[in-house]
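Structural features, examined
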Amino acid sequence: MPRKLPFRVLHVSGQDESYRAAELNYHSPLTKGWQASRYCLYPQDIVLQLENRCRLRKIQILSHQYLIATKIEFFVGDVPDEQSQDLENARYTRLGYVSLSDNEKTGYKARELKSVHVDAIGLYLKLNIHKNHINKYNIYNQVGVIAINVIGDDIKRPLGITDPDLFLDNDKRKAIEGDPSLEGLYNKPDFISPLDDLAFDMYQDPEIAGIIRKLEKKKQEAVLQERFEYAKKLKGAISELQKVGEKLGKYEVEKRQAVENEDYDKAKLKKVQMDEYRLQVYKDLNLPDLLETSGSRHPQNIDLEPIRQPTPPRLQELSYRTPPQSPTPRTPYDERPLPAMKSKDAKPSSDSPPPPRTPYDERLLPVKPPAVPEEEDPPPESSTGITGEPEPLGEKELREASYAIDVFGEPLVSKAYSKTWSYREDALLAVYKQMQESNVSAKEECRNLLKAGIFLVKRAVDDKVYAVFKAGLHLLRMILNEYIPQHKLQRQDTIYAVEKTIPNLLHKGGDTAARCREDSKSFVLEEASFSEVKPTNIVPHECVKPFKLTLAPRQAQSQCEIVEALYKKLGIKSNSGLTVDNLMQFCVTALGHNSGEVRDVAERIIKDLYREVKDPVKDYLPPDNEKNRKITLYRQLYEYFDKVDGKPSKGDLKKKRVDDEKKKQQEIDMLQQQLQQLKDMASGKQDYQPSPRPKKLKPKLKPVDESVLDSKKAAPRKTDVKKKAEKKKQKDDDDVSMYNMDNICIFCGERNENFTEEGLDLHYWKHCPMLKRCTNCKQVVEIASYTEHLLTECEAKSNYAKCPRCSEAIAKSDYDEHIAAKSCNPSKSSFNHCPLCHQNIGSGEDGWKSHLMSRDGCKQNPRRLLAINKQPTAGKGKPAPKGKKTPR
């Protein structure tokens, strides 16, 4: 089975003196890796020598976060049997190459891990590293590799002999011989253990990693011996230790950074923290029994859940033995410092390169630390009470708490800083009593007492123990409701007390413990109504300050919920501290957060605000257009606004358009059916059978191709005008077979023998005085409906608007000037209004015919003169008498 192969760097073409190639020989969270020398020539070479001649199965490369090579080539080297194993005698075979991302998308904070599966035999592995990607942090054009991992099989037999159980140890081989069914469990020639992966060693504490490997081996042995309960406990312990190893690895990195920064107090604290945490975990897991170092074959029952008990004192030496109990008070288990997560909003400056972040783009490395355990009620003290004194303050604490020490004295402040939660609680109770019973009259002394008390309240609000947190809230409530009014302090003192503590309360709103979150939110809302606080409006002002988009989701959601509750409670009255401006600025920022829960709360606030103030809300949002409606968030808001305004939504309008199109198509189909029936009757093929009359439908005249009409050989197109003609012929006729309906224009009434299907199309297109061509879409439309066509049907309808005075369609470019001039002829309800000459004319169809066709009619209709000047001939061009039907 493949395993992690040890190697050493045998040759490198160049290296930075601070990042030597020897760093690649070891894997740990503190590994700095190799970097090429400054302004080096490319490509750079690194040659690794394996312990023995091996079969390589997998190669892993962890690249630097900003000193990134464009390409890395791999070569495997071997030495012929008759020559000595020397680098000069190696013969290399190219395996291939990998390309690396320029890492710009991650802001140069992530390391890329490349894994390459190979199948090659050799003693040497050569890496050919090409030129670097250019970025602002790589000022010396270097490349860097943090770690290299090689996985493969030892070759213990001559080549050509393949044995599936070649790599099985004696115990496993004997087990398989005794029970052949176990062969599939252990004979896995291609299986690579996750413990051999580069990600495991790079993010695990080395000591924990060694223990995990021992437990894994014990687990396999337990399965062979059918000790399944023991194997189950080992599996759980391995899972717990992996989390512990990652946490200790993070501690180790922080300790080294503190040493580099010469912050030795912090480094010492981290070392103590690591030692105590490591020993506590070993005790909780009962590690000696798991490893069976105590002589017992079957270990006792082990509770893998963390044991909530005091932290053991620091020991000088680390061992697996349980530390002795001490009578001195200790910090509760859930109060021990845990590794702090780095701020997500830390951005690389132009002066310094960004720190490495979770790699990489191929798969997720296990770098996320385990969740901070939620706070619990502190364990009860012994019946005899607390013994001893709190630990003395260090130099840093003395400087930090100097103001509070001057007011309350060092013994009390030492309790407030103690690692024992009960001391901290006692300190807050003592401050509460002292401030409540204070009879100081001097304003300056009262303010000093106030500032010192607020300093301790801030620490208490951030405390992880719930009892201490509640004591802090109790003290703050007393200060705002009793101490300030009693001593008649100024408005500015109240503002100071709230401004200093509310950021801590908002931060506590993102706590992992539900009751801490709820208590902090409830207190903020309660605080806004305090008699001394409400007139200042300081709580709403502080809460609606927009937060950074990198703020933790739980804290951002909590702040949004507080703002929502304040808005419902206080409204946007002049004295509430909330306005449309500060609420919308806050909500617009929250809409950009990557958490859906945060955006949902902000959306609710915006909807509630719109119901109250309407249009001012839209001023803070992007314009309502098709582009922005493609964004789901804004589309939902715009559709809600339309609903509040009583407008149909886009979905409703779309459905209505579809229904209208279906209805229109049905009417067209009915007209076509009736037309075909009329043609059949005219040719004598069938008797007339009247069908239900269709609903009135204005004909939509399609454009006619002039080149087709001018060509004698081309067949004319059938337009909607023809459809209307055929429809009009059958109206009000009870017995159509008695009359001749051919050769008549249904618009102007002219009858002509040349009015065949082609002739009518030509007449409609060029000569009919009742029709005209649209100047925009070139369709032939009735003059009577030309205004309606421009406003509702034309392709350019968006360029026109209806004048409320003359009711004509006016181009939008001239609309404002037209309205302002008020020189148009007003339309009258009982008359028709001509869109050509802008005059009011007689009502009905006769009024249109008289105006558009008579000698004294519309002067702006050029076809009128053509119709008047046309010379009538026998059977040709003679207008049909009005209302008279021509016999068949």
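Everything numeric here is computed off the predicted structure, so don't read it as measured data. (Residues numbered from 1 in each chain as written. Predicted model: local features only at pLDDT ≥ 70, side-chain atom pairs only at ≥ 80, totals over all residues. Heavy atoms only, no water.)

1. Considering the overall build of the chain
This is how it is decided: Under the scheme used here, helices are H or I runs from DSSP no shorter than 4 residues and strands are E runs no shorter than 2 residues, and both carry numbers assigned from the N terminus. Residue contacts are defined here by distance: any two heavy atoms, one from each residue, within 4.5 Å place the two residues in contact. Here, Shrake-Rupley sampling with a 1.4 Å probe gives the accessible areas, and only protein chains in the shown set may cover a residue.
For the chain, the count of helices and strands is 29 helices and 16 strands. Long-range contacts, defined here as pairs at least 24 residues apart, represent 66% of the contacts in the chain between residues at least 6 apart. Taken as a whole, the chain presents about 48,000 Å² of accessible surface, with 49% of it coming from carbon and sulfur.

2. Observations regarding the pattern of salt bridges
To keep things clear, this is the line we draw: Salt bridge criterion: a side-chain nitrogen from Lys or Arg within 4 Å of a carboxyl oxygen from Asp or Glu. Whether a residue is buried, partly exposed or exposed follows from its accessible area with a 1.4 Å probe, protein chains only, as a fraction of its type maximum: under 20%, in between, or over 50%, in that order.
Under the defined criterion, the tally for this structure stands at 35 salt bridges. A salt bridge links Glu 260 to Arg 256; the shortest N-O distance between them is 3.9 Å. Taken together, the residues span about one helical turn, with Glu 260 and Arg 256 both in helix 5 (residues 228–260) at a distance of four residues. Residue Glu 260 is classed as exposed on the basis of its relative accessible area, which comes to 54%. When salt bridges with common partners are traced through the structure, they connect Lys 4, Asp 201 and Arg 213 into a single cluster.

3. Regarding the pairing of strand 8 (residues 144–154)
Threshold: Two strands pair if DSSP finds at least two bridges between them.
Within strand 8, eleven of the eleven residues are buried, leaving the element largely enclosed by the surrounding structure. Pairing analysis gives two bridges linking strand 3 (residues 34–35) to strand 8, with the strands arranged antiparallel. Among the inter-strand pairings, Gln 35 is bridged to a residue of strand 8, identified as Gly 144. Note: strand 4 (residues 44–63) against strand 8, nine bridges, orientation antiparallel. Of the residues in strand 8, the one forming a bridge with Ile 59 is Val 150.

4. Details of the packing of helix 13 (residues 466–486) against helix 14 (residues 491–508)
Condition: Inter-axis angles, ranging from 0 to 180 degrees, are taken between N-to-C directions of lines fitted to C-alpha atoms, where helices are fitted over the stretch in contact. Oblique is the label for any angle not under 35 degrees, not over 145, and not in the 65 to 115 range, which are roughly parallel, roughly antiparallel and roughly perpendicular in turn. By convention, the crossing between two helices is left-handed when the near helix turns anticlockwise from the far helix through less than a right angle, and right-handed when the turn is clockwise. We call Asp, Glu, Lys and Arg charged. Ala, Val, Leu, Ile, Met, Phe, Trp, Tyr, Cys and Pro are nonpolar, and the rest, Gly among them, are polar.
Taken N-terminus to C-terminus, the directions of helix 13 and helix 14 make an angle of 160°; their axes are 12 Å apart at the nearest point. With respect to helix 14, the element helix 13 is oriented roughly antiparallel. As for how helix 13 packs across helix 14, the hand of that crossing is left-handed. Where helix 13 approaches helix 14, its residues Phe 469, Leu 473, Leu 476, Leu 480 and Ile 484 are matched on the opposing element by Asp 493, Thr 494, Ala 497, Val 498, Thr 501, Leu 505 and Lys 508. Here the contact of helix 13 with helix 14 is built from residues that sort into eight nonpolar, two polar and two charged.

5. Brief notes about the packing of aromatic side chains
Two measures describe an aromatic ring pair: the distance that separates the ring centres and the angle between the ring planes. To keep things clear, this is the line we draw: Aromatic pairs are defined between Phe, Tyr and Trp rings, using the six-membered ring for Trp, whenever the two ring centres lie within 6.5 Å; interplanar angles under 30 degrees are classed as stacked, those over 60 as edge-to-face, and all others as tilted.
With the rule as written, the count across this model stands at ten aromatic pairs. When the ring of Tyr 108 is compared with that of Tyr 137, the centres are 5.5 Å apart and the planes differ by 70°; the resulting orientation is edge-to-face. With Tyr 108 in the loop between strand 6 (91–99) and strand 7 (113–129) and Tyr 137 in the loop between strand 7 and strand 8, this pair connects stretches of sequence that are 29 residues apart. Relative to Tyr 764, the ring of Phe 747 lies with its centre 5.7 Å away and its plane at 85°, an arrangement referred to as edge-to-face. Of this pair, Phe 747 sits in the loop between helix 24 (720–730) and strand 9 (750–752) while Tyr 764 sits in helix 25 (residues 757–766), placing them 17 residues apart in sequence.

6. Topic: the side chain of Lys 508
Locating Lys 508 in the fold gives a position in helix 14. In this structure Lys 508 touches Val 461, Asp 462, Asp 463, Lys 464, Phe 469, Cys 516, Arg 517 and Ser 520, once residues within four positions along its chain are discounted.

7. Things to note about the environment of Val 281
Examined against the element boundaries, Val 281 turns out to sit in helix 6 (residues 264–285). Between the C-alpha atom of Val 281 and that of Leu 241, which follows or precedes it by 40 residues, the distance is 8.4 Å. For Val 281, the contacting residues outside a window of four places in its chain are Leu 241 and Val 244.

8. Re helix 18 (residues 580–591)
Counted only if it meets this: To estimate the expected span of a helix, subtract one from its residue number and multiply by 1.5 Å.
The first and last C-alpha atoms of helix 18 sit 16 Å apart over twelve residues, in line with the 16 Å expected at 1.5 Å per residue. Within the sequence span of helix 18, burial applies to Val 580, Asn 582, Leu 583, Met 584, Phe 586, Cys 587, Ala 590 and Leu 591. Of the surrounding secondary structure, the elements contacted by the buried residues of helix 18 are helix 16 (538–543), helix 17 (553–570), helix 19 (596–613) and helix 21 (632–644).

9. Some details on the environment of Gly 245
Within the secondary structure layout, Gly 245 lies in helix 5. Overall, the relative accessible area of 0% leaves Gly 245 in the buried class. Between the C-alpha atoms of Gly 245 and Phe 200, which are 45 residues apart in sequence, the distance is 9.5 Å. The contact partners of Gly 245, leaving out residues within four places of it in the chain, are Tyr 203, Gln 204, Asp 205 and Ile 208.

10. Side note on unusual backbone geometry
That bond from Tyr 42 to Pro 43 is cis: its omega, 5°, falls within 30 degrees of zero. Tracing the chain through its elements places Pro 43 in the loop between strand 3 and strand 4. With a phi angle near 55°, Lys 488 is a residue other than glycine that sits in the positive phi range. We note that His 838 has phi near 65°; this positive angle belongs to a residue other than glycine. On the secondary structure map, His 838 appears in the loop between strand 14 (832–833) and strand 15 (840–841).

11. Some points on the packing of helix 12 (residues 443–461) against helix 14
The interhelical angle for the contact between helix 12 and helix 14, taken along N-to-C directions, is 5°, at an axis separation of 9 Å. Relative to helix 14, helix 12 is oriented roughly parallel. Contact residues: helix 12 offers Arg 447, Leu 450, Lys 451, Ile 454, Val 457, Lys 458 and Val 461, while helix 14 offers Asp 493, Tyr 496, Ala 497, Lys 500, Thr 501, Asn 504, Leu 505 and Lys 508. In the contact of helix 12 with helix 14, the residues fall into seven nonpolar, two polar and six charged.

12. Digging into the nonpolar core
The criterion, for reference: We call a set of buried residues a nonpolar core when its members are Ala, Val, Leu, Ile, Met, Phe, Trp, Tyr or Cys and they connect through side-chain atoms within 4.5 Å of each other.
Judged by nonpolar contacts, the single largest core of 88 residues is most densely connected at Phe 408, Leu 475, Ile 479, Val 539, Cys 543 and Phe 641. With 13 residues, helix 13 is the largest single contributor of residues to this core. Formed by 32 residues, the second largest nonpolar core is a distinct cluster that contains Phe 7, Cys 54, Val 76 and Leu 127.

13. Comments concerning the confidence of the model for the chain
Defined as follows: The quantity known as pLDDT measures the predictor's confidence residue by residue, on a range of 0 to 100.
The predicted model of the chain averages 78 in pLDDT, with 76% of residues at 70 or higher. Note that pLDDT drops below 50 for residues 358–387; the model gives that stretch 71 contacts with residues more than four away or on any other chain. For residues 732–739, every residue scores under 50 in pLDDT, and the model assigns this stretch 14 contacts once sequence neighbours within four places are set aside.

14. A look at the state of the cysteines
Using the following cut-off: Working definition: a disulfide is two cysteine sulfur atoms within 2.5 Å of each other.
Using the criterion set out here, one finds zero disulfides in the structure. Not engaged in a disulfide, the cysteine Cys 745 finds its nearest cysteine sulfur in Cys 748; these two sulfurs lie 3.5 Å apart. Left unpaired, Cys 777 is separated from the closest cysteine sulfur, that of Cys 774, by 3.7 Å. Overall, the relative accessible area of 10% leaves Cys 777 in the buried class.

15. Here's the deal with the environment of His 27
Which entries qualify depends on this criterion: Two N or O atoms form a polar contact when they lie within 3.5 Å of each other; inside protein one atom must be a possible hydrogen donor and the other a possible acceptor, and for residues adjacent in sequence the pair counts only when both atoms belong to side chains.
Position of His 27 among the secondary structure elements: in the loop between strand 2 (7–12) and strand 3. Note on His 27: relative accessible area 16%, which makes it buried. Spatially, the C-alpha atom of His 27 lies 9.5 Å from that of Ala 199, the residues being 172 residues apart in sequence. Aside from chain neighbours lying at most four places away, what touches His 27 is Lys 4, Ala 147, Ile 148, Asn 149, Leu 198, Asp 201 and Met 202. In this structure the side chain of His 27 is engaged in a polar contact, spanning 2.9 Å, whose partner is the side chain of Lys 4. Of note is the side chain of His 27, whose polar atom sits 2.7 Å from the backbone oxygen of Ile 148.

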